[in-house]
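# Structural overview for review
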Amino acid sequence: EDQVTQSPEALRLQEGESSSLNCSYTVSGLRGLFWYRQDPGKGPEFLFTLYSAGEEKEKERLKATLTKKESFLHITAPKPEDSATYLCAVLITGANSKLTFGKGITLSVRP
Amino acid sequence: NAGVTQTPKFRILKIGQSMTLQCTQDMNHNYMYWYRQDPGMGLKLIYYSVGAGITDKGEVPNGYNVSRSTTEDFPLRLELAAPSQTSVYFCASSPGTGVQPQHFGDGTRLSIL
């Protein structure tokens, strides 16, 4: 069965304290892995798509990486405005654009 | 620059009532989706559509119906509302070609009492 697992469930950081969020997946065939950010009371906002192992993408303080089993979202020197829930989702071969989502990681950054 | 628009934002229903959640997108996307999000459970796909007149079931379709008469609109119908349908509902759209990200609306928060 195709599965996406995100860890930890919640993470509390001090402003400036770098860390990583993990998304591990067990799927029959990966077409793409997506990272989204979700603020309270809002819909998910697209951050990155990764297609193949070894690929990396960056945006401001965020850097996403991909291996054959997992993806990491690295947050460098986070600020309070980075506080949000981060969702990982995979597009599986043959899934006709249907995404399988993880449960999300709630990040809190204290000033 | 509206993107995906959902209405209403909030709604309280009584058990057994019916309602339609509205979703419209202005990006000319072929694919549209309905998800529900429950605390600690992640997003679950209810129904999706690959174009006007074409719909298919997702992971959790029971108790819901959809239609797609235009490219822009994809309403979700709840018949005989039950407490288990209390959730936050998100609509999304994507171009549908290649590995393209889905774009989400801001959700409808539905409580059934």
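For the structure itself, consult the block above.
To keep things clear, this report deals only with the structure shown in the data block. Everything quoted here is computed from the prediction, not taken from an experiment.

For chain A, the helix and strand inventory stands at zero helices and 11 strands. Listed N to C, the secondary structure of chain A is β-β-β-β-β-β-β-β-β-β-β in terms of helices and strands. Its C-alpha atoms give chain A a radius of gyration of 14 Å, within 12% of the compact-globule value 13 Å for 111 residues. Within chain A, counting contacts between residues at least 6 apart in sequence, those at least 24 apart form 55% of the total. Counting every atom, chain A has about 5500 Å² of accessible surface; 46% of that belongs to carbon and sulfur. Each charge class in chain A was averaged separately, 14 positive and 14 negative side chains, and the resulting centres sit 3 Å apart.

To continue, consider the state of the cysteines. Following the criterion strictly, the structure yields two disulfides over all chains and no others. Here Cys23 of chain A connects covalently by a disulfide to Cys88 of chain A, the sulfurs 1.9 Å from one another. Measuring the twist about the S-S bond at about -60°, one finds the Cys23 of chain A-Cys88 of chain A disulfide to be left-handed. One end of the pair, Cys23 of chain A, is in strand E3 (residues 19-26); the other, Cys88 of chain A, is in strand E9 (residues 84-92), with 65 residues separating them in the sequence. Judged by its relative accessible area of 0%, Cys23 of chain A falls in the buried class. The class of Cys88 of chain A is buried, set by a relative accessible area of 0%. Residue Cys23 of chain B pairs covalently with Cys91 of chain B via a disulfide, S to S 1.9 Å. With the S-S bond torsion at -70°, the cross-link from Cys23 of chain B to Cys91 of chain B turns out left-handed. Placement of the pair is Cys23 of chain B in strand E3 (residues 19-25) and Cys91 of chain B in strand E9 (residues 87-94), with a sequence separation of 68 residues. Across this residue pair, the class does not change: Cys23 of chain B and Cys91 of chain B are buried.

The rules behind these values
Residues numbered from 1 in each chain as written. Chains lettered and ligands numbered in written order. Predicted model: local features only at pLDDT ≥ 70, side-chain atom pairs only at ≥ 80, totals over all residues. Heavy atoms only, no water. Helix = DSSP H or I, 4+ residues; strand = E, 2+ residues; numbered from the N terminus. Rg over C-alpha atoms; globule rule 2.2 N^0.38 Å. Contact = heavy atoms within 4.5 Å. Areas by Shrake-Rupley, 256 points an atom, 1.4 Å probe, with all protein chains shown as cover. Lys, Arg positive; Asp, Glu negative; His and termini not counted. Charge placed at Lys NZ, Arg CZ, Asp CG, Glu CD. Disulfide = S-S within 2.5 Å. Buried < 20%, exposed > 50% of the residue type's maximum accessible area, 1.4 Å probe, protein only.

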